Amino acid sequence: MIFDYDTLRIIWWAFLGLLIIGFAITGGYDLGVGVLLPFLGKTDEERRVILNAVGPTWEGNQVWFVMAGGALFAAWPTVYAVSFSSMYFALLLTLFALFLRPLGFDYRSKMPDQKWRGNWDKALFVGGFVPALVFGIAFGNLLKGIPFQFESDMRIVYFGNLLGLLNPFALLAGLISMSMFIMHGAVYLQIKTVASVARRARKTAIAFTLVTIILFALAGWWITFLDGYHITSAISSNLASNPLAKFVKRGPGLWLDNYGHIPQLWAIPATAFISALCTMIMSRLNRPGSAFIFSCVTIASIILTAGGSLFPFIIPSSISLSSSLTIWDSSSSLVTLNLMFWVTVIFLPLIMIYTSWVFRVFRGKVTVEHIRKNSHKLY
Amino acid sequence: MISDTVVELSRWQFAVTALYHFLFVPLTIGLSVLLAIMESTYVMTGREIYKDMTQFWGKLFGINFALGVTTGLTMEFQFGMNWSYFSHYVGDVFGAPLAIEGLMAFFMESTFVGLFFFGWDRLTRGQHLIITWLVALGSNLSALWILVANGWMQNPVGAEFNYETMRMEVTSFGALIFNPAAQVKFVHTVAAGYTTASSFVLAISAYYMLKGRDSAFSQRSYTIAAGFGLAAVLSVIVLGDESGYTDGEVQKAKLAAIEAEWHTDEPPAAFTVVGFPDQEAMVTHDAIKIPWVLGLIGTRSVDTPIIGLSEILENNRVRIRSGIKAYGLLQRLREGDRDERLITEFESIKKDLGYGLLLKRYTENVVDATDEQIDLAVKNSIPQVAPLFWTFRVMVACGFIMLFVFIVAVIASSIRKCRKNWVFRLSLYTLPLPWIAVETGWFVAEFGRQPWAVAEVLPTFLSASSLSEWDIILSLSGYVFLYTVFLVIEVFLMMKYIRQGPSILHKRRYHFEMDERGG
């Protein structure tokens, strides 16, 4: 065992961030493409071009999402328990929407009937739209704090409802995630397609990069007076996970605390702005490959900005401040964190290697001619 | 206290979503291996027909796989959504195999499945074959880790309760992986998947033979399915899940309940073929018994007794009383008392804490439980016998009928004279049997563990999230509605593709294309 408990907790916070960012930049463009499907594809063949641009790889991309859930369960069981049961209906809607994706991709083109295909196109739109929105809404609610508390025997009791989750700040966060996934999906389509679809994708990419960055700035301004949370008692980062052993205060602007203490952190939101600008320029210059790298960086910086504000909180409680979950008091045991660290260190690079290889095999543009030639083999 | 209705609804929701998920999983596990076998034959012999077989059965695999993935998402999220206390209480142990499943298996399977479908023209033959094997490996490894997690719920080894965090924590990961309950479960479940897929290929090939279509294609498919299926169904029966039932107290109760063994008999115990179990009187009416058989199956010996339910109940009473004490000591520890003697005493009886928690269903105040409440807890500390008794027999009957079908199929595929229509009809009409067997098998394993979510550790009714009845009524209706719609669509597509047969590949050499060309 080479790491202390507190080091492992920080590492696992980083791993969780990595998985979330991994999902946002891979699964994220799939979701964006789902939303854009009915708008960028005017004919059935164009829609098949769009679907097959992500067809061979979307399934693997979605595993990042499942994996983030799994890692949360293993490394942050209490966080998993609190977040999934509190955001019950938000997650249920997301699940129902996600159901439509494997079916939509696989079943849509298995029948020639236009009505059948039209319905699956709508399903794929919903399957992209709802998760893209809820992803941000969930983050927004983490920043707001969630109304839960621990009762006897550490039972988790939740005092909110679905409408409470849809508060204005969380909706703003939802719009940010939605528009950044649309930006990302459009840039990806600009890489993978030609002619009219690529032209529409370019316009969309530029417009939604702009929307993303404006909304991000708005949320940044909101954060300056939104109630944040802060641990007031001494932090014992090496002890057994017991969320009730600390004191927490709440107050406007506290989410900027970390940025006050470590001014270098401002580089993260700054990167988001700069790389968004570069995304627009590269997309405009018809260099979608570079634009894609910049849109990945934009997404990563936006998520890291939120993470940097929250740290060391993972889920603050808005009704029982000391029930709040932080990285110091809601992790798995030392043994489990250590074991899962090694499993991750071995398998995550392996996953990245074979995923890159699969992307390499499927490199190149998807065209209408390609669809016509392989009509019976493709989505 | 948590309402019984919430717990019941949560259990129904879990049962519905898990049973539904399990309609698709065994076929995925088995068909992925069959595809790899077919493609290996193609690569070794170079004959196109085996490529066509891989691609055609691959299409059906895809239709099934989509719903397997869809409904698997629910499973991954449901623990947190509906069983939040379970997630908190055992996540340290239970979450690890689930996360490893994702990293080691599900990622691989999902990343390569795209290459399986769309990579035919982009990869060399050898490369594509490797991909197909990796998809098969991924789905089988997936089963391994899920069953390591489930095996731990049946026989929770390698973990201990920590009073500081109020949850179970891993002490030995090796014990968790090499848990005998998990090992047996894995072999049994995976072999059941192979059987399911073999029945699937066998039945559909038989259908083409009865129709007299694409005979070269269907005969080869039939032969592969028959051979693989016979080996698989033999493994399912010989390596039956029951042999794992000697490990863990709750497993023993499950075995006794399945067999309606009310009292411990002289070994080797007799096997009750049929009868009518009566839980109140603790007797089985009109029982037909075969001497010795149960003892042999259950313990693999002639002198180890099968513990009867009445003895198990008495043991449980002792442990519940000890559990009450453990719960009392835990309250003092939770209040911050760190007296050495208190800790030592708690550590010595904390293995009974779960039994104390059984009382939470009847009283908030476990320490002052009345004798009536203890009686109730004892009475309900074993599962209901009759449903287990019957579902188990249905499962076993399906298994033996399938064994017969596969024996006949192997004979028919090796001896031309024996290829009679009744053989093919038998192969076709017994198609539902593997699904009946796997669903009843799931029921036996999970219902047989009740009243526990994690055997001896955490009662099911405590595990549920603190949701309202309406929350779960809404979500359960949503699942039932969507899943029904999806099933209708899936079966519709399946039937359409099956009716068309290999002609859907548009290779210009199968039945319906011949018609189109006027041939």
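Residues numbered from 1 in each chain as written. Chains lettered and ligands numbered in written order. Predicted model: local features only at pLDDT ≥ 70, side-chain atom pairs only at ≥ 80, totals over all residues. Heavy atoms only, no water.

Engineer: What is the right way to read the overall build of chain A from this model?
Structural biologist: Helix and strand counts for chain A stand at 14 helices and six strands. For chain A, whose C-alpha radius of gyration is 21 Å, the value lies close to the compact-globule estimate of 21 Å for 379 residues. Taken over the C-alpha atoms alone, chain A extends approximately 65 × 45 × 35 Å along its principal axes. Relative to its full complement of 379 residues, chain A shows a buried share of 64%. In chain A, of all internal contacts separated by at least 6 residues, the share reaching a separation of at least 24 is 80%. For chain A, the computed accessible surface area is about 13,900 Å², with 70% contributed by carbon and sulfur atoms. (Helix = DSSP H or I, 4+ residues; strand = E, 2+ residues; numbered from the N terminus. Rg over C-alpha atoms; globule rule 2.2 N^0.38 Å. Buried < 20%, exposed > 50% of the residue type's maximum accessible area, 1.4 Å probe, protein only. Contact = heavy atoms within 4.5 Å. Areas by Shrake-Rupley, 256 points an atom, 1.4 Å probe, with all protein chains shown as cover.)

Engineer: I keep staring at the interface of chain A and chain B and nothing clicks. Help me out?
Structural biologist: As a measure of interface size, the accessible area lost when the parts come together is often cited. Counting from both sides, the interface comprises 74 residues of chain A and, opposite them, 83 residues of chain B. For the pairing of chain A and chain B, the buried interface totals around 6,900 Å² over both sides, and the portion due to carbon and sulfur atoms is 72%. Of all residues in chain A, Tyr88(A), Asp153(A) and Arg155(A) bury the most surface against chain B, accounting for 10% of the area lost on that side. Between chain A and chain B we count two salt bridges in total. The salt bridge partner of Lys360(B) is Asp153(A), with a shortest N-O separation of 2.7 Å. Remark: the boundary between chain A and chain B carries 24 residue pairs in polar contact (both at pLDDT 80 or more). For the side of chain A that touches chain B, the secondary-structure elements that each account for two or more residues are helix 3 (58-75), helix 4 (77-86), helix 5 (88-107), helix 6 (114-144), strand 2 (155-158) and helix 13 (334-361) of chain A. The biggest single contributor to the side of chain A that touches chain B is helix 13 of chain A, with 14 residues. Of the residues assigned to the side of chain A that touches chain B, the class counts are 47 nonpolar, 20 polar and seven charged. (Buried area = accessible area lost by both parts, 1.4 Å probe. Salt bridge = Lys/Arg side-chain N within 4 Å of Asp/Glu carboxyl O. Polar contact = N/O pair within 3.5 Å; in protein donor to acceptor, adjacent residues only side chain to side chain. Nonpolar A, V, L, I, M, F, W, Y, C, P; charged D, E, K, R; others polar.)

Engineer: Looking at this model, I keep getting lost on the packing of helix 3 of chain A against helix 3 (residues 84-118) of chain B. Mind explaining?
Structural biologist: If you want to describe how two helices pack, look at the angle between their axes and the distance between the axes. The interhelical angle for the contact between helix 3 of chain A and helix 3 of chain B, taken along N-to-C directions, is 165°, at an axis separation of 7 Å. With respect to helix 3 of chain B, the axis of helix 3 of chain A lies roughly antiparallel. Along this stretch, helix 3 of chain A crosses helix 3 of chain B, giving a crossing that reads as left-handed. Per-class residue counts for the contact of helix 3 of chain A with helix 3 of chain B are 16 nonpolar, eight polar and one charged. (Axes fitted to C-alpha atoms, helices over the stretch in contact; angles between N-to-C directions. Parallel < 35°, antiparallel > 145°, perpendicular 65-115°, else oblique. Left-handed = near helix turned anticlockwise from the far one by under 90°.)

Engineer: Explain the packing of aromatic side chains to me, please; I cannot follow it from the model alone.
Structural biologist: The description of two aromatic rings rests on the distance between their centres and on the angle between their planes. Across all of its chains, the model carries 73 aromatic pairs over all chains by this definition. On the numbers, 5.8 Å between centres and 55° between planes, the contact of Tyr188(A) with Phe292(A) is tilted. Of this pair, Tyr188(A) sits in helix 8 (residues 168-192) while Phe292(A) is found in helix 12 (residues 288-310), placing the two residues 104 residues apart along the sequence. Side by side, Tyr188(A) and Phe292(A) carry an identical accessibility label, which is buried. Ring geometry for Tyr229(A) versus Phe313(A): centroids 6.1 Å apart, planes at 55°, classification tilted. In this pair, Tyr229(A) is assigned in strand 3 (residues 227-231) and Phe313(A) in strand 5 (residues 313-315), connecting sequence segments 84 residues apart. With relative accessibility at 2%, the residue Phe313(A) sits in the buried group. The ring of Tyr5(A) is capped by Arg9(A), whose NZ or CZ atom sits 3.7 Å from the centre of that ring. The positively charged end of Arg155(A) is found above the aromatic ring belonging to Tyr85(B), 5.1 Å away from the centroid. (Phe/Tyr/Trp six-rings, centres within 6.5 Å; stacked < 30°, edge-to-face > 60°. Lys NZ or Arg CZ within 6 Å of the ring centre and 35° of its normal.)

Engineer: Sorry if this is basic, but what is going on with the pattern of salt bridges here?
Structural biologist: Scanning all chains against the criterion turns up 32 salt bridges over all chains. Several salt bridges share partner residues, and in doing so they unite Asp44(A), Arg47(A), Arg108(A), Arg117(A) and Asp121(A) into one network.

Engineer: Teacher, can you tell me more about a nonpolar patch on the surface here?
Structural biologist: All names here are of chain B. Residues Val 273, Val 274, Phe 276, Ile 288, Ile 290 and Trp 390 make up a contiguous nonpolar surface patch of roughly 490 Å² in combined accessible area. Elements with a contribution of two residues or more to the nonpolar patch: strand 3 (271-278) and strand 4 (283-290). With respect to the helices and strands, Trp 390 occurs in helix 14 (residues 385-414). (Patch = residues over 30% accessible without salt bridge, like charges linked within 9 Å, V, L, I, M, F, W, Y side chains within 5 Å.)

Engineer: Can you walk me through unusual backbone geometry in this structure?
Structural biologist: Of note, the bond from Phe311(A) into Pro312(A) is cis; its omega dihedral lies within 30 degrees of zero at 0°. Here Pro267(B) and Pro268(B) are connected by a cis peptide whose omega angle stands at -10°. You will see that Met282(B), though not glycine, has its phi angle at about 55°, which is positive. By the element assignment, Met282(B) lies in the loop between strand 3 and strand 4. Its identity is not glycine, yet Glu456(B) carries a phi of approximately 65°, on the positive side.

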